[in-house]
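Next come the chains, spelled out residue by residue.
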Amino acid sequence: MKILVDAMGGDNAPLCVLQGAAQAAAEFGDGMELVLLGEEAAIKDCAAQNKIDLAPFEIINCTENIDMHDDPVKSVRHKKDSSLVKGLTMLKNGEGDAFVSAGSTGALHVGTSLIVRTIKGVKRPALATPMPGAKQNFLLLDCGANVECRAEMLNAFGTMGSVYAEKIMDRTTPKVALVNNGAEETKGTPIYREAHQLLKANPCIHFAGNIEPRYIMDGEVDVVVCDGFVGNVVLKLTEGVAKTLLGMLKKIFLQNLVTKLSYLGIKGGLGELKRMMDSEEVGGAPLLGAAKPVIKAHGSSHAKGIKNAIRQAKLCIANDLCGTMQTALAAVAEKAEPAEAEAEAEKE
């Protein structure tokens, strides 16, 4: 399999991208070819300065770069020789099996929609990321791709998330919940109230109703649906709280000899907790609904995050994520048609 990597995307590019790619090639590179896209001179200079062996990689030179502050639509349409646009174009043309980027979320979303396109039945792809919960991990979508969503889009996210949870996460009858400021179906903005009714009537999902943010991390549901603005706030707030709490615990255990000895007794458990809450362990979020695998790594990713984003891409290819999603959504559409016809008949 050939995985295309945006070497110029992210806050720490190209160094951390090159380091992450090198780690991925060393740890799980069998049967995988990595292609780095970006300014060739900058890539080679960075590699030489940091003693990174570029021998395992193919390098595709790109003369342009999309900045985080660039307008997503304009940059995708006019910066054709950027690492992001060229990578997506190569993916579309079958010159790669997946694309990984820590670059602009907006540009990646627009580029995926315009260049790679979506699978049948999906209008707008959504960023979906697994998150840790007390009982079990869960899928959060959208977590940043679609900042403003119509009610029907949130309903579609519920369907896609349910399919992903069932087929990829191996959940039986996944529970889908809608983020809101109250459990009652009358809570929230007009869009969220309408989305609640659509999800409630959706015959293809097991809708568990609204979920308040304070209960999200309990892990009682399998899929948590929201717009990209809310999802991104939930994601980053969770990361920040986890980092702060772990830092506070470290200070407590380093206070004196007694607390240091106490720490030794729970060191393993705290290490596992830290691993669970580390966003770089997941690495990247797939753009769910894209015709081919596109993985968005965190903009602040270091080498570990890039390595695991590449691992996510490899898993998506190996498990035929897009083909599985297409087949599952086709079955969902067949299931929905009789239910919709029955609902229309009842109205008449």
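Structure: see above.
For the structure given in this document, a descriptive report is provided here. (Residues numbered from 1 in each chain as written. Predicted model: local features only at pLDDT ≥ 70, side-chain atom pairs only at ≥ 80, totals over all residues. Heavy atoms only, no water.)

### Some points on the overall build of the chain
Along the chain, the regular secondary structure elements total 13 helices and eleven strands. Relative to its length of 348 residues, the chain is compact, with a C-alpha radius of gyration of 21 Å against a globular reference of 20 Å. Each principal axis of the C-alpha distribution contributes one length, and for the chain these read about 70 × 60 × 35 Å. The buried share of the chain, reckoned over its 348 residues, is 47%. Here the chain displays about 17,000 Å² of accessible surface, and carbon together with sulfur accounts for 54% of that area. Positive and negative side-chain charges of the chain, numbering 38 and 43 respectively, have mean locations separated by a distance of 5 Å. (Helix = DSSP H or I, 4+ residues; strand = E, 2+ residues; numbered from the N terminus. Rg over C-alpha atoms; globule rule 2.2 N^0.38 Å. Buried < 20%, exposed > 50% of the residue type's maximum accessible area, 1.4 Å probe, protein only. Areas by Shrake-Rupley, 256 points an atom, 1.4 Å probe, with all protein chains shown as cover. Lys, Arg positive; Asp, Glu negative; His and termini not counted. Charge placed at Lys NZ, Arg CZ, Asp CG, Glu CD.)

### Digging into the packing of helix α1 (residues 15–28) against helix α12 (residues 303–318)
For any two helices packed against each other, the geometry is given by the interaxial angle and the distance between the axes. α12 packs onto α1 with a crossing angle of 50° between their chain directions and a minimal axis gap of 7 Å. In terms of orientation, α1 lies oblique with respect to α12. Seen from above, α1 lies across α12 with right-handed handedness. Between α1, through Cys16, Val17, Gln19, Gly20, Ala21, Gln23, Ala24, Glu27 and Phe28, and α12, the contact on the second element is made entirely by Ala303, Lys304, Ile306, Lys307, Ile310, Arg311 and Lys314. (Axes fitted to C-alpha atoms, helices over the stretch in contact; angles between N-to-C directions. Parallel < 35°, antiparallel > 145°, perpendicular 65-115°, else oblique. Left-handed = near helix turned anticlockwise from the far one by under 90°. Contact = heavy atoms within 4.5 Å.)

### A closer look at a nonpolar patch on the surface
A contiguous nonpolar surface patch, about 670 Å² in accessible area, is contributed by Val147, Phe229, Val233, Leu237, Val241, Leu245 and Met248. Residue placement: Met248 occurs in helix α9 (residues 228–253). (Patch = residues over 30% accessible without salt bridge, like charges linked within 9 Å, V, L, I, M, F, W, Y side chains within 5 Å. Salt bridge = Lys/Arg side-chain N within 4 Å of Asp/Glu carboxyl O.)

### Things to note about the pattern of salt bridges
Tallied over the entire structure, the rule returns nine salt bridges. The shortest N-O distance in the salt bridge between Glu220 and Lys135 comes to 3.6 Å. Note that Glu220 is positioned in the loop between α8 (213–216) and β9 (223–225) and Lys135 in the loop between β5 (126–131) and β6 (138–141), a separation of 85 residues in sequence. The salt bridge involving Lys200 is made with Glu185; its shortest N-O contact spans 3.2 Å. Of this pair, Lys200 sits in helix α7 (residues 190–201) while Glu185 is found in the loop between β7 (175–179) and α7, placing the two residues 15 residues apart along the sequence.

### Details of the environment of Val73
When you line up the elements, Val73 lands in helix α3 (residues 72–78). Taking the C-alpha atoms as reference points, Val73 and Val176, 103 residues apart in sequence, are found 32 Å from one another.

### Points about the sheet that holds strand β8 (residues 206–211)
A sheet is described by the order of its strands in space; here eleven strands give the open sequence β3-β2-β1-β4-β11-β10-β5-β6-β9-β7-β8, paired in mixed fashion. With one partner strand each, in any of the chains shown, β3 (57–61) and β8 form the two edges of the open sheet. Averaged over all pairs of adjacent strands, the angle between strand axes in this sheet comes to 25°, irrespective of strand direction. The pairing of β7 with β9 spans three bridges and is parallel. In the sheet register, Val176 faces β9, and the bridge partner there is Val223. (Pairing = 2+ DSSP bridges.)

### As for unusual backbone geometry
Here the bond from Ala13 into Pro14 is cis, since omega is 0°, no more than 30 degrees from zero. Locating Pro14 in the fold gives a position in the loop between β1 (2–6) and α1. With omega at 5°, the peptide bond leading from Leu141 into Asp142 counts as cis. For Asp142, the position within the fold is in the loop between β6 and α6 (151–167). The phi dihedral of Lys51 is positive, around 55°, even though this residue is not glycine. Residue placement: Lys51 occurs in the loop between α2 (40–49) and β3. Of note in the backbone geometry, Arg117 takes a positive phi value of approximately 75° without being a glycine. Within the secondary structure, Arg117 sits in the loop between α5 (105–116) and β5.

### Regarding the pairing of β1
Among the five residues in β1, four count as buried, and that is most of the element. The pairing of β1 with strand β2 (residues 33–38) spans five bridges and is classified as parallel. By the bridge assignment, Val5 is partnered in β2 with Leu36. Considered for its hand, the β-α-β crossover made up of β1, α1 and β2 is right-handed. (Right-handed = clockwise from strand over helix to strand, strands pointing away.)

### Focus on α2
Within the span of α2, buried status applies to Ile43, Cys46 and Ala47. Each buried residue of α2 sits inside an arc of 100° when the element is viewed along its axis, so together they form one side. Among the exposed residues of α2, those pointing more than 90 degrees away from its buried face are Ala48 and Gln49. On the buried face of α2, the contacting elements are α1, β2 and β3. At the exit of α2 stands Lys51, carrying a positive phi of roughly 55°. (Arc of directions from axis to C-beta.)

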